[in-house]
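# Fold and geometry: a report
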Amino acid sequence: MPEGETGSVDVQLFEGTNGAVWDAFVASHPKGSNYHRYGWRQVIERSFGHRTFYLAVRDRNGAIRGLLPLAYMQSRLFGRFLVSLPFFNYGGVLCNDQETAALLLEKSAAIRRDLCARHAELRHLGTGLEGLETRQHKVTMLLDLRNNEEEQWRAFDPKVRNQVRKSEKCGLTTRQGHLDLLDGFYEVFSRNMRDLGTPVYGKNFFHNILEAFPRSTRILSVMKGETTVASALLTWFKGNLEVPWASSISDYREMCPNNLMYWEAIRFAIGTGATTFDFGRSTPGEGTFRFKKQWGARPVELHWQYLLEEGVPLPELNPANPKFRLAIRVWQQLPLAVTRMLGPAIVRNIP
């Protein structure tokens, strides 16, 4: 239903299950990213039950000039807020000009007020929009890929190559698949999240991702015999392959399963014709940041920007917030089965 008509453009709530027009704009725009794709709406709604608002600015001919996907989240602990997009590293405003961006922000602010939400968080990669409160506490780590795996292998630091060889000498092997490897992936992922003190997503979240994007997702697992000791979910779009979720069992750390897993993922990325490999989100200076940097990855800033009332402080929904430290320590002591049962209900409202 058209709303907010201004001159030659309309701000619309994009509805329906057919996102072909939406996805065509995302694919054609130079900053169109994986998480702008319409299929993620289905994943969020089916996995978490969140209400979504997918905004599109159209011209008089019906052509899309800009878009913004939003998900509405609410809980007693964290209150009400909008995010573009929760659970992922980026999303945010995608458009060609300042006028279109202003219309999308204006409509987003109106939705926030109507819902009595505390803020709207817009996650942008590389650069943000002017005039918005911004937090730049995270980066994503991008590796520019070589033309073939032989060149890529030679480009690595000798330490990285030695760790990959060590994992192979320890008898570790790899498997690639899809839904057939989901159980092993989730076994490792849920255990790792418990050990980190973080509530775990339900298995259905990953099932829904694999189902929504059957031709651009894959699970890669590292095996010791028939035991999954490390596993990652890969997703790719427009020449960029990303590893948003990857875990390993700490008991096998000395065998360097992570190194073998990422090397096989990089090999696969090169085979798909990808030009960049996204290791995922990190905090500069921390252990995961250093691990990813040793592969030659470069940090690219994530600009998380906010629409909120004047005088309202920026939200602090992250594990570094001191008020969550006790909860993290308690969670780490819980039995794994309990965390798998309780985790999904908690994490659904942690963006």
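Anyway, here's the lowdown on the structure attached to this text. (Residues numbered from 1 in each chain as written. Predicted model: local features only at pLDDT ≥ 70, side-chain atom pairs only at ≥ 80, totals over all residues. Heavy atoms only, no water.)

## Some words on the packing of aromatic side chains
- For the structure on display, the rule yields 40 aromatic pairs.
- With a centroid separation of 6.4 Å and 80° between ring planes, the pair formed by W153 and F156 is classed as edge-to-face.
- When the ring centre of W304 is taken as reference, the NZ or CZ atom of R123 above it lies at 3.8 Å. (Phe/Tyr/Trp six-rings, centres within 6.5 Å; stacked < 30°, edge-to-face > 60°. Lys NZ or Arg CZ within 6 Å of the ring centre and 35° of its normal.)

## So, the layout of surface pockets
- Estimated volume of the second largest pocket: approximately 800 Å³.
- For the second largest pocket, the lining is made up of 35 residues, of which K31, G32, L94, L125 and T127 are closest to its centre.
- Residue assignment for the lining of the second largest pocket shows that the elements contributing at least two residues are β6 (94-95), α3 (98-114), β7 (119-125), β11 (227-237), β12 (240-248) and β13 (276-282).
- At four residues, the largest contribution of residues to the lining of the second largest pocket is made by α3.
- Of the residues contributing to the lining of the second largest pocket, the split by class is 14 nonpolar, 15 polar and six charged. (1 Å grid on protein atoms, 1.4 Å probe; cavity = no way out; pocket = protein on both sides within 12 Å on 5 of 7 lines; lining within 4 Å. Points joined across faces, edges and corners; volume = space filled by probe spheres on them. Helix = DSSP H or I, 4+ residues; strand = E, 2+ residues; numbered from the N terminus. Nonpolar A, V, L, I, M, F, W, Y, C, P; charged D, E, K, R; others polar.)

## A few points about the packing of helix α6 (residues 182-196) against helix α10 (residues 325-332)
- Interhelical geometry of α6 versus α10 gives an angle of 130° and a closest axis separation of 7 Å. If you check the angle between α6 and α10, you find them oblique. Each of R194, D195 and L196 in α6 lies in contact with α10, whose residues at this interface are I328, W331 and Q332. (Axes fitted to C-alpha atoms, helices over the stretch in contact; angles between N-to-C directions. Parallel < 35°, antiparallel > 145°, perpendicular 65-115°, else oblique. Contact = heavy atoms within 4.5 Å.)

## Here's the deal with helix α5 (residues 158-169)
- Along its 12 residues, α5 runs 16 Å from first to last C-alpha, staying within 8% of the 16 Å computed at 1.5 Å per residue.
- Contacts from the buried residues of α5 go to α4 (149-155) and α8 (257-272).
- The residue sitting at the N-terminus of α5 and contributing the capping side-chain oxygen is D157; that oxygen lies 2.8 Å from the backbone nitrogen of K159.
- Note on α5: the residue one or two positions beyond its end, G171, has a positive phi of about 90°. (Expected span 1.5 Å × (residues − 1). Polar contact = N/O pair within 3.5 Å; in protein donor to acceptor, adjacent residues only side chain to side chain.)

## A few points about the side chain of R37
- Position of R37 among the secondary structure elements: in the loop between α1 (20-28) and α2 (39-48).
- Despite being buried, R37 has no salt bridge partner; D23 is the closest side chain of opposite charge, sitting 6.2 Å away.
- Within polar-contact distance, the side chain of R37 engages the side chain of N34 at 2.8 Å.
- In this structure R37 touches W22, D23, V26, F213, S216, T235, W236 and F237, once residues within four positions along its chain are discounted. (Buried < 20%, exposed > 50% of the residue type's maximum accessible area, 1.4 Å probe, protein only. Lys, Arg positive; Asp, Glu negative; His and termini not counted. Salt bridge = Lys/Arg side-chain N within 4 Å of Asp/Glu carboxyl O.)

## Considerations on a nonpolar patch on the surface
- On the surface, M341, L342 and I346 cluster together into a nonpolar patch covering about 280 Å² of accessible area.
- Among the residues examined, I346 registers a relative accessible area of 34% and is labelled partly exposed. (Patch = residues over 30% accessible without salt bridge, like charges linked within 9 Å, V, L, I, M, F, W, Y side chains within 5 Å. Areas by Shrake-Rupley, 256 points an atom, 1.4 Å probe, with all protein chains shown as cover.)

## Observations concerning the pairing of β11
- With 10 of its 11 residues buried, β11 lies for the most part within the structure.
- For strand β10 (residues 217-224) and β11, the ladder comprises eight bridges, and the chain directions are antiparallel. Bridge assignment links R218 to a residue of β11, and that residue is L234.
- Between β10 and the antiparallel strand that follows it, β11, lie two residues; G225 among them carries a positive phi value of about 70°.
- Taken together, the seven bridges between β11 and β12 define a ladder with antiparallel strand orientation. Considered in β12, the bridge of L233 is made with W245.
- Counting the residues in the hairpin turn of β11 and β12 gives two residues, including K238, whose phi is positive at 50°. (Pairing = 2+ DSSP bridges.)

## Observations concerning the environment of D195
- Among the secondary structure elements, D195 is positioned in helix α6.
- Exposure remark for D195: the relative accessible area of 34% places this residue in the partly exposed category.
- Note: C-alpha distance between D195 and Q332 (137 residues apart in sequence) is 5.3 Å.
- A distance of 2.8 Å separates a polar atom in the side chain of D195 from a polar atom in the side chain of R194.

## Some points on the state of the cysteines
- Following the criterion strictly, the structure yields zero disulfides and no others.
- Left without a disulfide partner, C170 is nearest to the cysteine sulfur of C256, which lies 7.1 Å away. (Disulfide = S-S within 2.5 Å.)

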